Every structure is written in C-alpha cells, then in structure tokens.
Amino acid sequence: MFKNPIVKVYYDSIEADNELLKFIDRANIKIDSCISSLDPSVIVEVDNIKQKRIEAVGKRGLKLRYVTEITKDNISYVKEMMKFSEMRHLPNLKGNFEVSDEKEYIAVATLKKAQPLPKLLFSNIPEMVEQQQFVFDSFWNRAVPAEQIIKEIEQGVFDHLTTTIFSDYKEAEKKEFEMIKKAEKEIQIIYSTSNAFYLQEKSGTLQLLKEMADKNKELNINILLPVESSIKESLSFNLLSKNIINNNIVFQDIAPSVNIKIKSLVVDRKESLIMELKHIREEKLTASIGFSIYSNSESIVLSYASIFEVLYNQSILFGQIKEDEKIKNEFINIAAHELRTPIMPILNGMEILEERLGEKQRKKYKREIDIITRNASRLQNLAESILQVSRIESGSFGLSIQKDVDIHFLISQVLEDLEKKYMYTDKAKKVAIVFEPYSKGDNSRPEKTQKKQDHVIIRNSSITDEIGTKYEINKDYDEKKTEYLPPPLYVDCDPQKISQVVFNLLDNAIKFTAEGHVIISTTTAFQNNKSSNAVKENKIINVVANDFSENNNNIIITVEDTGTGINQNIKEQLFEKFSSRSPQGTGLGLYLSKKIIEEHGGKLWYKEPNEDEAMSDSKNNDYKANNNNNSKQNQKIGSIFRFTLPFFIDDEDDIYNKERNNKIK
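Residues numbered from 1 in each chain as written. Predicted model: local features only at pLDDT ≥ 70, side-chain atom pairs only at ≥ 80, totals over all residues. Heavy atoms only, no water.

Caption draft 1: Examining the overall build of the protein chain more closely. Scanning the protein chain for helices and strands turns up 21 helices and 24 strands. Across the 665 residues of the protein chain, 47% fall into the buried class. Sequence separation of 24 or more characterises 78% of the internal contacts of the protein chain that already satisfy a separation of 6 or more. (Helix = DSSP H or I, 4+ residues; strand = E, 2+ residues; numbered from the N terminus. Buried < 20%, exposed > 50% of the residue type's maximum accessible area, 1.4 Å probe, protein only. Contact = heavy atoms within 4.5 Å.)

The structure is reproduced here in structure tokens:
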C-alpha cells in the first residue's frame, strides 16, 4: 500500500501486469473502468487478469463497472465480462483507465488484442483520482446498457446505429439542422421553457421549420412549449402558427405541472436529439445549451417519442380541464347572481308584509312567514357561499383588513344575530350559548365551587320565553344591565369575514346540539415570549399549543358543543366542499371558513372532545348542574373547532392596554 501520494509509470509489461493485479487486490468496494473496444479481449484472454477480477467479485463482493464501445468484434468478450461485471456502451470511446474506491487511479497505454499490458501509469494523488472519477461518472450516466446494444447487434439493426454526445453547442445545432432538413413525415419538438423558444428563434431554427412545412405538405410538425403572452406576440410564433400554405404546424401549450429543462427533437421516429438547457437568468436569450445527445437507436428514439406523446396528450387534457373549469365558474357566477336577484325582494317583501299585518294576522300566519323567510335566507346564504367559493378557486378572493378589531365585540354581535335566528325555535329552550372571553390575569379556570368570574357571560335563551335575551352575570355587576361587553381583545382582520367564520361554527354547533350547551371561548398564545400571558400553566393552553406549530403570537377562538359530533364517514373530508351529511347544510361553510382563516395567516382545525379532556372536563364540571335533566344515556360526544388569528406586537400588553376604539370600524 502506498503511504504517500505518488505518480509512477511502469514500462515493463511484467511489472505493469503485477501492479494491475495489486491494484485489484487493494480494492474493497468498487472499480470503475473506461476501456477501449480492444480492452475486453485483454481482460478475458489474459488469464491472470480475468481470474483476479472474478475472485475479487466472488470472495470480496467487489463491484466492477465498465464503459466501452460494444462492436460486432468484441461482443463475445463483452458477454463473458457481463458474467462478473456491469457493462455499458458509449460509441467512439478512447482511452483506458480505472479508478479504485475513489482512492487510486491507473491508466494503460494503447492495447493490442489479447496481449499483456505494454505500460501502466499509477497515481493516488486525490486531485487526479477525483478528476478521473468525474470523467467516468459522466460517461457512465450517458452510456447505454450493454444488453440493449447486444440485442440490436444480434438482430442486425445496429449497422448504422450511433449515439453521440456533443459538448459543443454549434456541433449540436449543425446536427439539428441536418435532422430537420431530412424530415419526411413527422417532427416532434419540445421547448420546455420560453427561453428555449427564443434561442431557436435567434438561431434560425424556427425559420427552417417554416420552410420545411411550406415545402412538404406531408410533413407534420408538432411543437410543445409554454404559450406565454410574450411568445404569442413574437413574429416567429405568428408566422408558424398561421402557416396558411399547408397548415401543418401545430403548437400545444405545455401543462404547467411539467417541470423539465430540455429541448428535444424527434424526426420521423428514427432520430432524436436531446439538449440540456441552462439558464443564467429568467430573461430572453439567456438560455445556453449544456450536453446534447444524438441517437438513431430505435429504443432510445421511440422512448423520447413516447415521452413527447405523453406530455402532448397531458397538455391537451389540461387545456380541456382548464376550459371546462372556466365554463363551470362562469355558470356558477351567473347562477349565484341570478339567485340573489329575487331573494332580496322576497326578504324585504316579507318584512313589509309583517309590518302591515295586524297582530292577529301576524300570529295566524306566523308559521308560513317564518318558513318563507327562513328558506329565502338559506337560499341567500347559499348564493353568497357559491360566489365566495368561485372567487377562491379563481384566485380573486380577497380580504378587507381593518386595524384593531375587537374580537370580543365582534363575537358579541354574532351571538345577537344567532339569538334572533333561533328565537322562535325549539333550540331557544333547549340550547344555552356560553361566551367565555379571555382577559389578562385570568390565571386559571374557576373551580366548580366558585362563583362564575366576571368575564364569563351566559346568554341562555332558556331563562325566558319572552322576546330578547337575559344574561346571567356576576352579582358584582348591576343585575338590571341587559348587556355586558367583555374586556377588548384586538387584532387586525377582516371583521365581516371573521364574523362569517364565527357564525358558521356556532350555527353548526347549535344545529347539531339537540339539548345542552355551546361554548365559545377566547385565549392567547405567545410563542416567542417566555413571559407569556398568565395562563401558561393552564392545561387548556398546553392542549391548544400542541395543535399548531406557528411561531407567531396567536389569538385562539374555540367553539365546543355537546351535540352529535362529526360523522366518521366525512371526518377526513371535513373541510372539503360539499362534505356535509346534513339536510340542513350545503357543505360549504367549513370549507369557506378554513379558506378565510388561512387567508388571514391562521389555522382552523377540528378535535374530538376526548382529545381535549383537560378543556372539556373543566367546562363540563361548571355546567353539569344546568343539565341534570339529561340522562347519561342521552349525553352526546360533541365536537370542538378551533381557529387562530396571528398578530404581531412588540409588547404583549399591546393587545389589552392601549386606548383603542372597541367598536368595529
């Protein structure tokens, strides 16, 4: 073993043979070799060299890889070598060298068939070894498996087969022109980027294509490329796409999902030229060509022809889907707008009718009026939801962000709207809505023996049968008060859209809760501040914090109910369109809510109540007394939905203590 880096030349054939055998003995993992077409005869016919390699493979598991030119003359030797090594074909390969374990390198002078080595060069200098390993890897990656070439030779189709690698773009371009001029029936071209098209425009290739198309009406030219606005405006594109003489040039817009960086040319399914595209910048005329590979091997050419056809058909299908999607969206927009047109007169007409009816008539026709109003409102909500879905899918959905929106005030307004909606239904007597807003200094949830703290508001329609709602609040407050607003909690958001989300979640909770309560609560999580709000030891916050990994500060809104829970059949598609199994809903509410929250930079998710035991147990203990009439048999599993709204502050007191307007702007 050589201890120091050396370069040594062995001039004597016996010494050269001995050094080659030692080189094989020192290899532990692999030997990579580039050999001329004569070298396989030496490896097979010189017994000691052949046996040494076979023993290394059999006893030590050494991996041998060879790149050579396979011909009719050496095919028998190549077949013999394939019994103990992996072989690939590269035409016109010159030179003989081997690299062992990426540590040692030998090169052999010109060989003679089945003769010992004339002289040998050895080196273990890392830079030289690394360079030769790179050369081998480059050849290996571009070479063709030996099995394929042997089959073609034996079938008699290899007489004129050539696979050539061009490193000079001018040589590749010259070959490209030759191929196009020889075309008789079909030319398939892929310009995978706009820069490739501009490069062809500059080189004159596109002009040549037009001349060939005009000259030969039997020649079909199909070009696959990204048809961008700048390409559409180019002179070459217009000349080719409006080929009025024979109309035999077709452009197809490549599907945007195709992420390839090549220029390919296949002519008459007999020849192919594949060029590697490199881009300095994403601007016109900055494309350059790397390696180019020409082949007239049937298997290679047909492979690239198949790739072209797959991409071509995929692009046609994508275009059809895109057009169908456009037609669908136009229909949805028209239908939604047409639905909205008669709805408002119906709702306004019912309000006017109620005002004009006397008290007796109002009571007499109250059921019919409620049915008309409720269904018209439902239709209005459906139309609005469809329009919003259409805007989301078309990319035109936007937010109207306002500064310093008080989330607590916003929730209070939503609660008022819900109370009006369910005022005259059975829900008013059976379902309590509980609002638990967070305020700074709320270190823990109240023990079940304590009075409810002053930040807890219960809006419970079961307390009264009269129109309106009373509130059960701490006795420290004036019991004559009919309204109480919690301490403000500010965030920048689109108040209308966030109100829609809160309304959707609460409305769903009420719909699926036959009897019990629905709780909406707020809290905060400061991800980057060790002196976070005082609830950092609260189990609720620990549970919530495990559900999202954002590094932002977040306001967290939770809606929990004691209803029937989520149908297991739709749990995985819960936030997808039309996933509802309820006759009461459209299946769009949760989809829209999730999109709205994500547009705000937040997250909306669902949890099973038993996953949130710390939270649900605490709440259930507080309100168990209000639900003694429900037997354990009738108790439902319920559901929990949460969403976050991120905010960015320098001081966490910012969202509590600054003087701000507590009304939505």
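Caption draft 2: Representation of the nonpolar core. Core analysis: the biggest nonpolar cluster contains 45 residues, and Ile407, Ile498, Val502, Leu506 and Phe643 have the highest contact counts within it. Top element by residues in this core is helix α17 (residues 495–511). It accounts for seven residues. In contact with Ile498, other than residues within four places in its own chain, are Ile407, Leu410, Cys493, Ile596, Ile597, His600 and Leu645. (Core = buried A, V, L, I, M, F, W, Y, C linked by side-chain atoms within 4.5 Å.)

Caption draft 3: Expanded view of the sheet that holds strand β1 (residues 7–10). Spatial strand order, β1-β7-β6-β5-β2-β3-β4-β8: eight strands in an open sheet with mixed pairing. Each of the sheet's edge strands pairs with one partner strand only, and the pair in question is β1 and β8 (144–145). Pairing analysis gives four bridges linking strand β3 (residues 63–68) to strand β4 (residues 86–89), with the strands arranged parallel. Opposite Tyr66, over in β4, you have Met87 as the bridge partner. (Pairing = 2+ DSSP bridges.)

Caption draft 4: Broad picture of helix α9 (residues 205–215). By the burial criterion, the buried members of α9 are Thr205, Leu206, Leu208, Leu209, Lys210, Met212 and Ala213. In this fold, the buried residues of α9 make contact with α7 (169–182), β10 (186–191), α8 (194–203), β11 (220–225), α11 (235–241) and β12 (249–253).

Caption draft 5: Spatial organisation of unusual backbone geometry. The residue Asp101 is not glycine, and still its phi comes out positive at about 50°. Tracing the chain through its elements places Asp101 in the loop between β5 (97–100) and β6 (104–108). Look at Asp101 and you get buried, because its relative accessible area is 14%. Phi angles above zero are rare outside glycine, and Asp268 is one such case at about 55°. We classify Asp268 as buried; its relative accessible area is 17%.

Caption draft 6: Fine view of the environment of Ile254. On the secondary structure map, Ile254 appears in the loop between β12 and β13 (262–267). Accessibility expressed as a relative area gives 8% for Ile254, which makes it buried. As for Ile254 and Ser192, which are separated by 62 residues in sequence, their C-alpha atoms are 7.5 Å apart. Excluding residues within four positions of it along the chain, Ile254 makes contact with Ser192, Leu224, Leu225, Pro226 and Ser315.

Caption draft 7: Structural view of the pattern of salt bridges. Taken as a whole and assessed by the stated rule, the structure comprises 22 salt bridges. Residues Arg26 and Glu19 are paired through a salt bridge, measuring 3.0 Å at the closest nitrogen-oxygen approach. According to the relative accessible area criterion, Glu19 is buried, its value standing at 5%. Connected through salt bridges with shared partners, the residues Lys30, Asp32, Arg65 and Glu102 form a single ionic network. (Salt bridge = Lys/Arg side-chain N within 4 Å of Asp/Glu carboxyl O.)

Caption draft 8: Examining the environment of Leu235 more closely. Its place among the elements puts Leu235 in helix α11. For Leu235 and Glu201, which are 34 residues apart along the polypeptide, the C-alpha to C-alpha distance reads 9.3 Å.

Caption draft 9: Fine view of the pairing of β13. The buried fraction of β13 amounts to five of the six residues, a majority that puts the element mostly inside the structure. As judged from the five bridges shared by β10 and β13, these two strands associate in the antiparallel manner. Residue pairing across strands places Tyr191 opposite Lys263, the latter belonging to β13.

Caption draft 10: Here's a closer look at helix α3 (residues 47–60). Helix length check: α3, at 14 residues, gives a terminal C-alpha distance of 19 Å against a target of 20 Å (1.5 Å per residue), a fit within 8%. Within α3, the full set of buried residues consists of Ile49, Lys50, Arg53 and Ala56. One side of α3 carries all its buried residues, which in axial view fall inside an arc of 130°. Residues Asp47, Gly58 and Lys59 are exposed on α3 and point more than 90 degrees away from its buried face. Looking at the buried residues of α3, the elements they touch are α1 (13–26), α2 (39–45), β3, α4 (75–81) and β5. Phi turns positive one or two residues past the end of α3, at Gly61, with a value near 70°. (Expected span 1.5 Å × (residues − 1). Arc of directions from axis to C-beta.)

Caption draft 11: Region of interest: the packing of aromatic side chains. Enumeration over the complete set of coordinates arrives at seven aromatic pairs. Between the aromatic rings of Phe237 and Phe251, the centroid separation amounts to 4.6 Å while the plane-to-plane angle is 40°, which identifies the pairing as tilted. With Phe237 in helix α11 and Phe251 in strand β12, the pair connects residues that are 14 residues apart, well separated along the chain. Like Phe251, Phe237 is buried. Counting every residue linked through ring pairs, the aromatic cluster contains Tyr191, Phe197 and Tyr198. In this structure, Arg142 is placed above the aromatic ring of Phe291, and the distance from its NZ or CZ to the ring centre is 3.8 Å. (Phe/Tyr/Trp six-rings, centres within 6.5 Å; stacked < 30°, edge-to-face > 60°. Lys NZ or Arg CZ within 6 Å of the ring centre and 35° of its normal.)

Caption draft 12: Fine view of the environment of Cys34. Looking at the secondary structure, you find Cys34 in strand β2 (residues 30–34). In this structure Cys34 comes out as buried when scored by relative accessible area, which is 1%. Note: C-alpha distance between Cys34 and Tyr66 (32 residues apart in sequence) is 5.8 Å. Contact partners of Cys34, with chain neighbours within four places excluded, come to Val67, Leu93, Gly95, Asn96, Phe97, Phe136 and Phe139.

Caption draft 13: Fine view of the packing of α7 against α8. In the contact formed by α7 and α8, the axes pass within 13 Å of each other and the chain directions differ by 75°. Comparing the axis directions of α7 and α8 gives the class roughly perpendicular. Touching Tyr169, Glu173, Glu176 and Phe177 of α7 are Leu199, Gln200 and Ser203, all from α8. (Axes fitted to C-alpha atoms, helices over the stretch in contact; angles between N-to-C directions. Parallel < 35°, antiparallel > 145°, perpendicular 65-115°, else oblique.)

Caption draft 14: Broad picture of the packing of helix α15 (residues 407–421) against α17. At their nearest, the axes of α15 and α17 sit 9 Å apart, and the two run at 45° to each other. On the basis of the axis angle, α15 is oblique to α17. For the element pair α15 and α17, the recorded crossing hand is right-handed. Across from Ile407, Leu410, Ile411, Val414, Leu415, Asp417, Leu418 and Lys421 in α15, the residues of α17 making contact are Pro495, Ile498, Ser499, Val502, Phe503, Leu506, Asp507, Ile510 and Lys511. Within the contact of α15 with α17, the residues separate by chemical class into 12 nonpolar, one polar and four charged. (Left-handed = near helix turned anticlockwise from the far one by under 90°. Nonpolar A, V, L, I, M, F, W, Y, C, P; charged D, E, K, R; others polar.)

Caption draft 15: How the structure looks around the pairing of β10. The element β10 is extensively covered by neighbouring structure, given that six of its six residues are classed as buried. Side chains of β10 alternate between two faces, with Glu186, Gln188 and Ile190 and Ile187, Ile189 and Tyr191 buried alike. Direction of pairing for β10 relative to β11: parallel, over a ladder of five bridges. What sits directly across from Ile187, in β11, is Ile221.

Caption draft 16: Expanded view of the side chain of Asp101. The buried charged residue Asp101 lacks any salt bridge partner; its closest oppositely charged side chain belongs to Lys103, at an N-O distance of 5.7 Å. Side-chain polar atoms of Asp101 contact the backbone nitrogen of Asn28, separated by 2.8 Å. Engagement of the side chain of Asp101 in a polar contact is seen with the backbone nitrogen of Lys30, the distance being 2.9 Å. (Lys, Arg positive; Asp, Glu negative; His and termini not counted. Polar contact = N/O pair within 3.5 Å; in protein donor to acceptor, adjacent residues only side chain to side chain.)

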